[in-house]
Amino acid sequence: MHKIAVNGASIAYDEAGTGSPVVLLHAGIADRRMWREQVSALAARHRVIVPDLRGYGDSELPPAPFAHHDDVAGLLDALDLPRAALVGCSFGGAVAIDTALAHPDRVSALALFDTAVSGNEWSDEANDLWDDLVGEVDPDDFAAGAAGEVRFWVVGPGRQPEDVDRELLAFAQEMDQRALAAELALGAVEVGELTPPAIGRLGELKIPVLVTAGAADVPDISRLADRIAAEVPGAVRLPDVPDAAHLLPLERPEPVNAALLDFLR
């Protein structure tokens with residue numbers, strides 16, 4: 001692990017390989033460790049940088065206003081990188097898109113897995129699924145909250161926990177407990193949002209974009225991938241990956257790595 005000063009915060013990151021730079025941005029229910037299956041695969045051809053977003057994992061959270069997308073650009077500055085390809089999952093995908101819109105000269109390509117998009121609103125179907133699968137959870141009980149989020153996101157609405165690798169579920173729950181603590185702390189800090197948000201600006205993206213999702217993820221996620229593919233000029237929409245949910249790069253690394261290597265080439 002390395003640490004580097006970015007916009008007044010100490011950001012933790014891992015780095016491997018040489019070549020064209022690629023930054024991997026983790027999901028909001030995880031931290032940089034969710035990319036453990038991608039680093040060595042990509043490092044054969046690329047300089048791979050895997051940060052914890054501010055407040056998550058081993059990165060600091062000073063009490064000053066900030067924006068995640070500005071931190072990504074600041075990380076590139078700190079590493080003396082003019083541009084990089086951004087790979088994001090879930091919330092990390094939303095940060096990647098926001099970075100490409102806020103700092104278009106700094107992002108060479110986007111690869112998005114089960115991505116969120118800033119400004120997007122969840123459907124009534126997604127909210128009903130949460131109520132059915134998880135229900136009310138005490139926000140101060142991180143263990144219960146992580147168990148609920150793992151059931152909803154990592155298992156997915158169409159599978160049962162016994163259908164998913166036990167070690168994956170345990171690892172996801174451990175990461176998510178830390179992420180929930182991070183989100184609680186982030187609630188006390190002014191976090192800047194992209195204005196206007198990305199959901200109405202996808203057509204502004206003029207770089208190569210790859211998007212896909214896990215077929216077992218919440219249906220809203222696949223529909224969002226369809227929208228990105230429809231609105232971003234030239235975007236590549238890969239078929240949803242069978243038997244995988246929201247942490248697709250962690251659950252099904254083989255097709256993800258193959259798609260990334262081909263796309264980044």
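Rules and cut-offs
Residues numbered from 1 in each chain as written. Predicted model: local features only at pLDDT ≥ 70, side-chain atom pairs only at ≥ 80, totals over all residues. Heavy atoms only, no water. Helix = DSSP H or I, 4+ residues; strand = E, 2+ residues; numbered from the N terminus. Rg over C-alpha atoms; globule rule 2.2 N^0.38 Å. Buried < 20%, exposed > 50% of the residue type's maximum accessible area, 1.4 Å probe, protein only. UniProt positions renumbered as here; feature names shortened; annotations may be inferred. Pairing = 2+ DSSP bridges. Polar contact = N/O pair within 3.5 Å; in protein donor to acceptor, adjacent residues only side chain to side chain. Contact = heavy atoms within 4.5 Å. Core = buried A, V, L, I, M, F, W, Y, C linked by side-chain atoms within 4.5 Å.

S.K.: Residue-level account of the overall build of the chain, with values.
M.R.: A count of helical and extended segments in the chain gives nine helices and eight strands. Since a compact globule built from 265 residues should have a radius of gyration of about 18 Å, the 17 Å found for the chain is in line with a globular shape. Along the first, second and third principal axes, the C-alpha set of the chain runs to 45 × 40 × 35 Å. Looking at the chain residue by residue over its 265 residues, the buried ones come to 55%.

S.K.: Residue-level account of the UniProt feature "domain: AB hydrolase-1" (unreviewed entry) in the chain, with values.
M.R.: UniProt tags residues 21-132 as "domain: AB hydrolase-1" (unreviewed entry). Structurally, residues 21-132 is divided into 33% helix and 21% strand, and its ends, taken at the C-alpha atoms, are 42 Å apart.

S.K.: Talk me through the pairing of strand β1 (residues 2-6); I want residue IDs and the actual numbers.
M.R.: Where β1 meets strand β2 (residues 9-16), five bridges bridge the pair, whose relative direction is antiparallel. Counted as the bridge partner of V6 is A9 from β2.

S.K.: Would you mind going over unusual backbone geometry in detail, with residue names and values included?
M.R.: P196 follows T195 through a cis peptide bond whose omega is -10 degrees. Positionally, P196 belongs in the loop between α6 (166-186) and β7 (209-212). You will see that S90, though not glycine, has its phi angle at about 55 degrees, which is positive. One can find S90 in the loop between β5 (84-89) and α3 (91-102). Given a relative accessible area of 11%, S90 falls into the buried group.

S.K.: Describe the side chain of R151, and please don't skip the residues or the numbers.
M.R.: For R151, the location among the structural elements is in helix α5 (residues 142-155). Separated by 2.9 Å, the side chain of R151 and the backbone oxygen of G156 make a polar contact. Excluding anything up to four places from it in sequence, R151 contacts L133, G156, R159, Q160 and P161.

S.K.: Can you explain the nonpolar core? Please cite residues and give values.
M.R.: Residues L24, M34, V87, F113, V154 and L247 are the most contacted members of the largest nonpolar core, which totals 45 residues. For F113, the residues in contact, after removing those within four places along its chain, are V87, G88, C89, S90, L210, T212, L248, P249, V256 and L260. If you look at the next biggest cluster of nonpolar residues, it comprises 44 residues, including V95, L112, V189 and V211.

S.K.: Report on the environment of V164, specifying residues and quantitative values.
M.R.: Tracing the sequence through the fold places V164 in the loop between α5 and α6. The sequence separation of V164 and D243 amounts to 79 residues, and the corresponding C-alpha distance is 8.8 Å. Residues within four places of V164 in sequence aside, it is in contact with V155, R159, L169 and E251.

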